[in-house]
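Given next are the chains, with one letter for each unit.
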Amino acid sequence: MSDEQTGRVSAQPVLTVILILALALRLAAALALPDQHFGDAEEYRTAGASLWATGRLNQPLFMPLYPALIGLTGPGWGQTLVDIALSTATVALVHQITLTVFADRTASALAALVAAIYPYFIFYAVVGLTETLFIFLLLATFLCWYRGQFAAADVFAVLSILTKPTIDILVPLLIVYFALLVHRLSLLQALRHLAVYAVVYCVLLLPWWLHNYRDSGTFVRLNSGSGMMLYNGNNPLNQTGGALDTDANREQFLTIGDPVARDRVMWTAGMTYIKENPGRFIELAALKFVRFWRLWPHTPDYAGRLYVALSLVSFVPVLVMSMSYGLVSSRREIVVVGPILILMAYFTTIHMVFAASLRYRLPLEPFLICFAATALVRILRCGRAGRAVLAWIADQTTGSSGSTEVHH
């Protein structure tokens, strides 16, 4: 049996315990937390019910996958249990991505443990928003890419777009990057993977395109929400960089009954504001950057001492340790993690242009946890006391503190 096989077998009991912990914490949160009454959560449920009852989503701002899932499971415990299962499975994906990219069983176990107890992941697992499904699909996409499973990655990537369209324009670039720089394939092979993705993209999105054409009489590739998001983040009333009701007055657009036309008008209004106020656009972009990477929630409902404390003790250590990863990595490894760095830069830039929120940052935090766990373990290995601690932990768990060569 190879070292890789031995590492995976020995890690299984540890991962199983971590997954049980993750599941228990999420079930406890579902029992303890009252319905947060997020407007989006209610609208997803309404849209899902409409989709299954009439064949129409009834909400032009949404992508269809999460509402369809809710419509299938039903609201309440059906929806909550599916989200909890996805969130728990995400912990396993964090473990596998860390193991595959960094070839370190100790770091992968630590990353999984942090993901299991991470307050934000637990919270979003029980509030009925798209983040849990999107993060699961995004991590599954990256894991398949790192393993060279491009066809499976294609499916997960398109499903993630059908949940939230954020990465739509980024996926082709990442496919080429993984093919050429991570797996060192030829240009012809990279182009073949790109062509296969284009086919998968069209096949999986075709039902959605037909739905949109039947609903609006025109071709809508994704949804009709980009104009609203651009205008929300770039208008005279926006003082915070967010997308709350106080950040924009959208009443002037409500008279436009066609959602596609309304989206175009709002896009034009947002672009006009940017062109006429370039200095203010830069100021808002800076505000959005700060808001996107803020250490605790901005929304007043979640700005109490408990939420601030939970944010500081969870996100700050992860952020600091992930930033220290660059000090303990090789040049080749930076190339390998390049797609993750591109994803982080892309998300940050997109939300500096549109609107920013901690909720929009959440899909990046599993990757930050992977970096943070790896950096911490490597730093501990630099000292005798740290090595002793890691050896003791390994003796209590897998029986070995060594790393496993998986990717590099």
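Everything that follows concerns the structure shown earlier in this document.
Residues numbered from 1 in each chain as written. Predicted model: local features only at pLDDT ≥ 70, side-chain atom pairs only at ≥ 80, totals over all residues. Heavy atoms only, no water.

Per the stated rule, a full pass over the model turns up 20 aromatic pairs. On the numbers, 4.7 Å between centres and 55° between planes, the contact of tyrosine 118 with phenylalanine 121 is tilted. For phenylalanine 121, a relative accessible area of 7% corresponds to the buried category. Consider the rings of tryptophan 209 and phenylalanine 219, whose centres lie 5.4 Å apart with planes at 65°: the pair is edge-to-face. Within this pair, whereas tryptophan 209 is found in helix H10 (residues 187-216), its partner phenylalanine 219 is found in the loop between H10 and helix H11 (226-233), the two being separated by 10 residues in sequence. Clustering of aromatic rings is evident, with ring pairs tying together Phe142, Trp145, Tyr146, Phe178 and Phe367. Across from the ring centre of phenylalanine 315, 3.8 Å away, lies the NZ or CZ of arginine 361, which sits over that ring. (Phe/Tyr/Trp six-rings, centres within 6.5 Å; stacked < 30°, edge-to-face > 60°. Buried < 20%, exposed > 50% of the residue type's maximum accessible area, 1.4 Å probe, protein only. Helix = DSSP H or I, 4+ residues; strand = E, 2+ residues; numbered from the N terminus. Lys NZ or Arg CZ within 6 Å of the ring centre and 35° of its normal.)

So, on to the environment of valine 196. Of note, valine 196 is situated in helix H10. Valine 196 gets classed as partly exposed once you look at its relative accessible area, which sits at 41%. For the pair valine 196 and aspartate 154, spaced 42 residues apart in sequence, the C-alpha to C-alpha distance is 8.0 Å.

With that out of the way, let us pick up the environment of valine 182. Locating valine 182 in the fold gives a position in helix H9 (residues 171-182). With a relative accessible area of 6%, valine 182 lands in the buried category.

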